Amino acid sequence: MQNKVLFLLTLVFTISLSSFAQRGLKIAYIDTEYILENVPEYQEASTQLNSKAEKWKNEIHEKLTAIEQKRKDLSNEKALLTKELINEREEDILFEEQEILDYQQKRFGPNGDLFIQQKQLMQPIQDQIFAAVQDMSEARNYDLVLDKAEVNMLYSNKAYDISEQVLRSITRTAKRNQAQTKAEKKAAKAEEVVPEEINTDLEARQKALEEKRAARESAIEKARQEKLAAREAKVKAAEERRQKILEEREKARQAKLEGRTETEETGEKTSETTAKTETGKTEATKTEEPKTREQLIEENRQRKLAERAARKKELEEKKKKILEERQKAKDSLNNN
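Residues numbered from 1 in each chain as written. Predicted model: local features only at pLDDT ≥ 70, side-chain atom pairs only at ≥ 80, totals over all residues. Heavy atoms only, no water.

This is how the line gets drawn: UniProt positions are given in the numbering used here, feature names are shortened, and annotations may be inferred rather than shown by experiment.
Per an unreviewed UniProt entry, the recorded name for the protein is Membrane protein, and the organism is Neotamlana nanhaiensis. Recorded under Sequence similarities (unreviewed entry), the UniProt text for the protein is reproduced unchanged: "Belongs to the Skp family."

**Description of the overall build of the protein**
Just so we agree on the cut-off: Helix and strand assignments come from DSSP, with helices taken as H or I runs of at least 4 residues and strands as E runs of at least 2, each series counted from the N terminus. When a residue's accessible area, from a 1.4 Å probe over protein chains only, is under 20% of the maximum for its type it is buried; when over 50% it is exposed; and in between it is partly exposed. Here, residues are in contact when the closest pair of their heavy atoms is within 4.5 Å. All accessible areas in this document rest on Shrake-Rupley with a 1.4 Å probe, and a residue is counted as covered only by the protein chains that are shown.
On a plain count of helices and strands, the protein comes out with 9 helices and 2 strands. Of the regular secondary structure in the protein, the N- to C-terminal order runs α-β-α-α-α-α-β-α-α-α-α. Within the span of the protein, comprising 336 residues, buried residues form 16% of the whole. Restricting the contact set of the protein to residue pairs at least 6 apart, pairs at least 24 apart contribute 75%. A total of about 27600 Å² of accessible surface is found on the protein, and carbon and sulfur atoms cover 53% of it.

**A word on the pattern of salt bridges**
The criterion, for reference: We define a salt bridge as a contact between a side-chain nitrogen of Lys or Arg and a carboxyl oxygen of Asp or Glu at a distance within 4 Å.
Following the criterion strictly, the structure yields 10 salt bridges and no others. The salt bridge partner of Arg89 is Glu77, with a shortest N-O separation of 2.8 Å. Remark: Glu77 occurs in helix 3 (residues 40-77) and Arg89 occurs in helix 4 (residues 83-108); sequence separation between them is 12 residues. A relative accessible area of 32% means that Glu77 is categorised as partly exposed. Glu250 is paired through a salt bridge with Arg253; the nearest N and O atoms lie 2.8 Å apart. Of this pair, Glu250 and Arg253 both sit in helix 8 (residues 196-287), separated by 3 residues, roughly a single helical turn.

**Some points on the nonpolar core**
Using the following cut-off: Buried Ala, Val, Leu, Ile, Met, Phe, Trp, Tyr and Cys residues that are joined via side-chain atoms within 4.5 Å together make up what is termed a nonpolar core.
Residues Ile30, Ile35, Tyr42, Ile129, Ile162 and Val166 are the most contacted members of the largest nonpolar core, which totals 28 residues. For this core, the secondary structure elements donating two or more residues are strand 1 (27-30), helix 2 (32-37), helix 3, helix 4, helix 5 (113-140) and helix 6 (163-178). Considering every element that reaches this core, the biggest residue donor is helix 5, with 8 residues. Ile35 has contacts with Ile30, Ile129, Ser163, Val166, Leu167 and Ile170, leaving out every residue within four places of it along the chain.

**Some details on helix 5**
Worth spelling out the cut-off: Each helix should span, by expectation, one fewer than its residue count multiplied by 1.5 Å.
Given a rise of 1.5 Å per residue, 28 residues ought to cover 40 Å, and the 40 Å separating the end C-alpha atoms of helix 5 matches this to within 8%. Among the residues of helix 5, Asp113, Leu114, Leu121, Met122, Ile125, Ile129, Ala132, Val133, Met136, Ser137 and Arg140 are the ones counted as buried. Within two residues after helix 5, Asn141 carries a phi angle of roughly 60°, on the positive side.

**Overview of a positive patch on the surface**
Let me state the cut-off plainly: In this scheme, patches are assembled from residues that exceed 30% relative accessible area and form no salt bridge. Like charges are connected within 9 Å, while nonpolar side chains (Val, Leu, Ile, Met, Phe, Trp, Tyr) are connected within 5 Å. Asp and Glu count as negative and Lys and Arg as positive, but His and the ends of the chain are not part of the count. Lys charges are placed at NZ, Arg charges at CZ, Asp charges at CG and Glu charges at CD.
Together, Arg303, Lys304, Arg308 and Arg311 line one region of the surface with positive charge. For Arg303, the position within the fold is in helix 9 (residues 293-335). Among the residues examined, Arg303 registers a relative accessible area of 47% and is labelled partly exposed.

**What about the packing of helix 3 against helix 4?**
Going by this rule: Angles run from 0 to 180 degrees between N-to-C directions of axes, and those axes are lines fitted to C-alpha atoms, restricted for helices to the stretch in contact. Reported orientations rely on four angle classes, namely roughly parallel under 35 degrees, roughly antiparallel over 145, roughly perpendicular from 65 to 115, and oblique for the rest. Crossings are classed by handedness, with left-handed meaning an anticlockwise turn of the near helix from the far one by less than a right angle and right-handed meaning a clockwise turn. Think of it as three bins: nonpolar holds Ala, Val, Leu, Ile, Met, Phe, Trp, Tyr, Cys and Pro, charged holds Asp, Glu, Lys and Arg, and polar takes everything else, Gly as well.
Packing of helix 3 against helix 4 leaves a shortest axis separation of 10 Å and a crossing angle of 165°. Taken together, the axes of helix 3 and helix 4 lie roughly antiparallel to each other. Judged by the sense of rotation from one axis to the other, the crossing of helix 3 with helix 4 is left-handed. Class assignment of the residues belonging to the contact of helix 3 with helix 4 gives a composition of 12 nonpolar, 1 polar and 12 charged.

**Regarding the packing of helix 3 against helix 5**
Contact pair helix 3 / helix 5: the axes reach a minimum separation of 11 Å and the direction vectors enclose 180°. As the angle between them shows, helix 3 and helix 5 are arranged roughly antiparallel. Here Tyr42, Ala45, Ser46, Leu49, Lys52, Ala53 and Trp56 of helix 3 lie close against helix 5, whose contacting residues are Asp113, Leu114, Gln117, Gln118, Leu121, Met122 and Ile125. The class makeup of the residues in the contact of helix 3 with helix 5 is 9 nonpolar, 3 polar and 2 charged.

**Quick notes on the packing of aromatic side chains**
Note the following rule: Ring geometry is summarised as follows: Phe, Tyr and Trp rings, the Trp one being its six-membered ring, pair when their centres sit within 6.5 Å, and such pairs are stacked at plane angles under 30 degrees, edge-to-face over 60 and tilted between the two. The rule for a charge over a ring is simple: NZ of Lys or CZ of Arg within 6 Å of the ring centre, and within 35 degrees of the ring normal.
Counted by the stated rule, this structure contains 1 aromatic pair. A ring pair is formed by Trp56 and Phe108, whose centres lie 6.1 Å apart and whose planes are at 80°; its orientation type is edge-to-face. Linking Trp56 in helix 3 with Phe108 in helix 4, this pair joins segments that are 52 residues apart in sequence. Accessibility expressed as a relative area gives 5% for Trp56, which makes it buried. Taking the relative accessible area as the measure of exposure, Phe108 reaches 27% and is therefore partly exposed. Above the face of the Tyr142 ring, Lys26 is positioned so that its terminal group lies 5.4 Å from the ring centre.

**A closer look at unusual backbone geometry**
You will see that Asn141, though not glycine, has its phi angle at about 60°, which is positive. Locating Asn141 in the fold gives a position in the loop between helix 5 and strand 2 (144-147). Using a relative accessible area of 55% as the deciding quantity, one classes Asn141 as exposed.

**Remarks on helix 3**
Compared with an ideal rise of 1.5 Å per residue, which puts 38 residues at 56 Å, helix 3 spans 56 Å between its outermost C-alpha atoms and is within 8% of the ideal. Among all positions in helix 3, only Tyr42, Ser46, Leu49, Ala53, Trp56, Ile60, Ile67 and Leu74 are buried. Residues of helix 3 that are buried sit in contact with helix 2, helix 4 and helix 5.

**Some points on the side chain of Arg140**
The criterion, for reference: Pairs of N or O atoms are called polar contacts if they sit within 3.5 Å, as long as, within protein, a hydrogen donor faces a hydrogen acceptor (for residues adjacent in sequence, only side-chain-to-side-chain pairs).
Relative to the helices and strands, Arg140 is located in helix 5. Polar contacts involving the side chain of Arg140 include one to the side chain of Tyr142, which spans 3.0 Å.

Printed below as a string of structure tokens:
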């Protein structure tokens, strides 16, 4: 389908180039999917049709599940049934299965109920879209109007999109058809006769406003990004300063630890020297011959005798001194 459309478009362009060489080719396009999504009547009918299709799917699923259960039951009961009964039940199952497949084809086949109702649902909207495009093409002198949903458009300028205008035309027609009172009919008629040029100017102004808004948002976003970049630079600089301070502290700590290690090593050397000296003394002592028990007892007795003699001598000296003091006191009294 797409190949045929592309071939026709190529042919139309080729033919049109000669006839429109004197003036520019005026082209527009519509987006049928966008228009359908914004037509309330179509959306409501589409929802109802989807609900109906879901109901059909559930019916088919339930029937297929029941047939599958019958197959399982027959498989479990084959040992108890005769060959004739087995064949009869298998034929019944095949017949029911074929009925379900026919029902599925009737509902969802190429010419089934779903396809027919979708076509019936689409046809009025498609007719309205076609009529609106025809009227707009005549009013604006369009040479070619494409459908974005049918043509594989690699790029499309939004300025040539007339989907919104077609949608408004369909809405105005629907309001006119649904108008009941004279006031509603008058309002619909007044809305319908609004010149297309006014709408075009309004769209141009809206487009200009959107461009200004986009430029303003872009400037705001750029300023925000610059502020974020400046903030990140400050945070990065602060982090680098902090890292530098930590490194300096680490270096100082390492230097302090190295100084302490040297002191400890010096102390250890001194301790080793002292230990070696004491070890030498101990070894020298160990080289002396050990004393016997009798020698130790004799040494202890001699030491006690020496201590006793020293105490006795000390007492004798004190006694002698006391006697000398008494004599002096006596002599002093006699002289007086």
